Each structure stands twice: as C-alpha cells, then as structure tokens.
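Residue-level listing of the chains:
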Amino acid sequence: MINITIITIIDFFNSFKPDYFKTLLEISLSWRDPPKSVVDSNKKIFSCDDLKTKANSWLNKDNVNNINQNSSVDGIYYFYEENRFKLIFIEFKGFFKEDLEDLEKVKRDIKQSLKLKPLESLFCIFPHLVDEFCSEWNYSNDEKYELMLVIYNCPKAYFFVFKDFNKDGIFSEHIKSKYDFFEIKRLSKHPFDIVETLTPDTFCEFMKNK
C-alpha cells in the first residue's frame, strides 16, 4: 500500500513533466559538431540540466546569474517497484576519435565531474526543488522534511552511459578492459546503492520495463 509521502513524492516529480520530461534522444545529445545522441530512444526521463536551472532560478529569485550554478547529471528517472520508491541518476557521454589522442587527459578531465555531478544533483539541487514545490503547494516544514527523507533514503542508482563513436570501438574496448576506468564506484554504496558504467544497449534493456 502506498503511503501519503510516496504519493506526494510522485506528485513532486510529475509536476516537472510538462516542461522537463524529455526523450533520451534529446537528453543524451552530444555537444560535438555535428551533434550525436548517445541513446537513440524516445523513452522520456527528466532533464536534470533543466531542473538545475529551475532550482537556481528559485534560489536566486529568478536572477540566475547571481551565483554559480551547481553541476548536474543529464537525467533523472523514478519508478515505484516492490513497494519502494526508487531513483536513477544518469550521465551520458559520447567518445570520439579525437579523444583517443590523449586518453589520460580525457580521463582526468571527466572523472571528477562524473563523481561531482550526481552528488550535487542529490544534495544541492533537490533540496531547492523540494523547497519550491512545498512552498507553492503550502506543505508544512515537517512534510518538506519527509519528502527529502524519501529522496535521501530511497534506493538510488547512478548510471554512466557511454557510446564509442569510433568505428573500430577502441575506446569502448579500453574502458571495458579496465575496472572502474573513471573511478566512480566509490559513490557506492553511499549514497548510491548501484553505480555502473553501461553501454546504450544495456541501459535501454534495463529501462525497457521501467
């Protein structure tokens, strides 16, 4: 049986659907020219980059340039399974031919952000989103506290989904051959119960029935 807190947390996430629920094809689009999507799927998740901007706007009373914004993962998804509310934090990354020119530099440049993004999404962005939601819907401070407890205490997974756009697949083979290439496993089991590096196919298979 779903309790009132779970109903409220689902209402909280669903309140973002009109503006922040986008396809994996959109959210996983790379910044390269021409842009390419890591995941070719019309399944929708929440754009955490957009939620970050929303949270920052609330924090700064719409003056988004007041302070530096937090970093964020690309996407967030929730589901209710086995009588438990669960959250998935997702970061996408495409690797291209030029990345092979200095593999160690690429590793240094992104491994810190891969750890920072999910932590700031969870501990810096969500509190402001909950604060705004509870303010708009006149929830009490106790109810706001309960909502944050659900987010902090529910089972959470962090998936780094990468695609190697090199025809020979050298980059993906290099990552697969080395355990925890970007050193993100240290985020498990606190605050994430599961931390995995996945290919787009494996990720889509996981998400198929979610």
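Here is what the cut-offs are and how they apply
- Each chain has its residues counted from 1, running along the sequence as written.
- It should be noted that, the model being predicted, local features are given only for residues of pLDDT at least 70 and side-chain atom pairs only at 80 or more, the latter also being counted only at that level, while totals for whole chains, interfaces and linings use all residues.
- Think of the side-chain values as coming from all heavy atoms in the structure, minus any hydrogens and water.
- Helix and strand assignments follow DSSP, with helices taken as H or I runs no shorter than four residues and strands as E runs no shorter than two, numbered in order from the N terminus.
- For two strands to count as paired, DSSP must find a minimum of two bridges between them.
- Interaxial angle, 0 to 180 degrees, is taken between N-to-C directions of lines fitted to C-alpha atoms, where a helix line uses only the stretch in contact.
- For this analysis, residues touch if any pair of their heavy atoms sits within 4.5 Å.
- pLDDT is a residue-level measure of predictor confidence that goes from 0 to 100.
- Points on a 1 Å grid over protein atoms alone make up a cavity when a 1.4 Å probe fits among them but cannot get out, and a pocket when they form an open set with protein on both sides within 12 Å along at least five of seven lines; lining residues each have an atom within 4 Å of a point.
- Grid points are joined across faces, edges and corners, and a volume is the space filled by probe spheres set on the points.
- Note that Gly is not counted as nonpolar here; it falls among the polar residues with everything else outside the nonpolar set of Ala, Val, Leu, Ile, Met, Phe, Trp, Tyr, Cys and Pro and the charged set of Asp, Glu, Lys and Arg.

Participant: Describe the environment of Ser71, with residues and values.
Facilitator: Position of Ser71 relative to the elements: it lies in the loop between helix H4 (48-59) and strand S3 (75-81). Taking the C-alpha atoms as reference points, Ser71 and Glu132, separated by 61 residues in sequence, lie 19 Å from one another.

Participant: Can you lay out the sheet that holds strand S4 (residues 84-95) for me, pointing to particular residues and giving the numbers?
Facilitator: With mixed pairing, 6 strands are arranged side by side in an open sheet as S1-S2-S3-S4-S5-S6. Each having just a single partner strand, strand S1 (21-23) and strand S6 (194-198) make up the two edges of the open sheet. Pairwise comparison of adjacent strand axes, ignoring direction, gives a mean angle of 35° for this sheet. Of the strand pairs in this sheet, strand S5 (residues 156-164) and S6 are connected by 5 bridges, and their pairing is parallel. Counterpart to Phe159 in the pairing with S6 is Glu196. Taken strand by strand, helix H5 (residues 103-136) contacts S3, S4 and S5, and its axis lies near 150° from that of S4.

Participant: Break down the confidence of the model for the protein for me, with residues and values.
Facilitator: Scored by pLDDT, the protein has a mean of 88; 93% of the residues are at 70 or more. At the low end of the mean pLDDT range in the protein sits helix H7 (residues 170-177), at 68; at the high end sits strand S2 (residues 44-47), at 98.

Participant: Can you lay out empty space enclosed by the protein for me, pointing to particular residues and giving the numbers?
Facilitator: If you walk through the whole model with that rule in mind, you get 1 cavity of 30 Å³ or more. Considering only enclosed or pocket space, the largest cavity measures out at about 50 Å³ in volume. Lys52, Ala55, Asn56, Leu59, Asn70, Cys124, Ile125 and His128 are the residues that line the largest cavity. The greatest single-element share of the lining of the largest cavity, amounting to 4 residues, is contributed by H4. When its residues are assigned to classes, the lining of the largest cavity shows 4 nonpolar, 3 polar and 1 charged.

Participant: I'd love a proper account of the layout of surface pockets, names of residues and values included.
Facilitator: In this structure, the largest pocket encloses a volume near 620 Å³. For the largest pocket, the lining is made up of 27 residues, of which Ile27, Leu29, Trp31, Asp49 and Asp74 are closest to its centre. Elements that contribute at least two residues to the lining of the largest pocket include exactly helix H3 (24-27), H4, S4 and H5. Ranked by residue count, the leading element in the lining of the largest pocket is H5, at 5 residues. Residue composition of the lining of the largest pocket, by class: 9 nonpolar, 7 polar and 11 charged.

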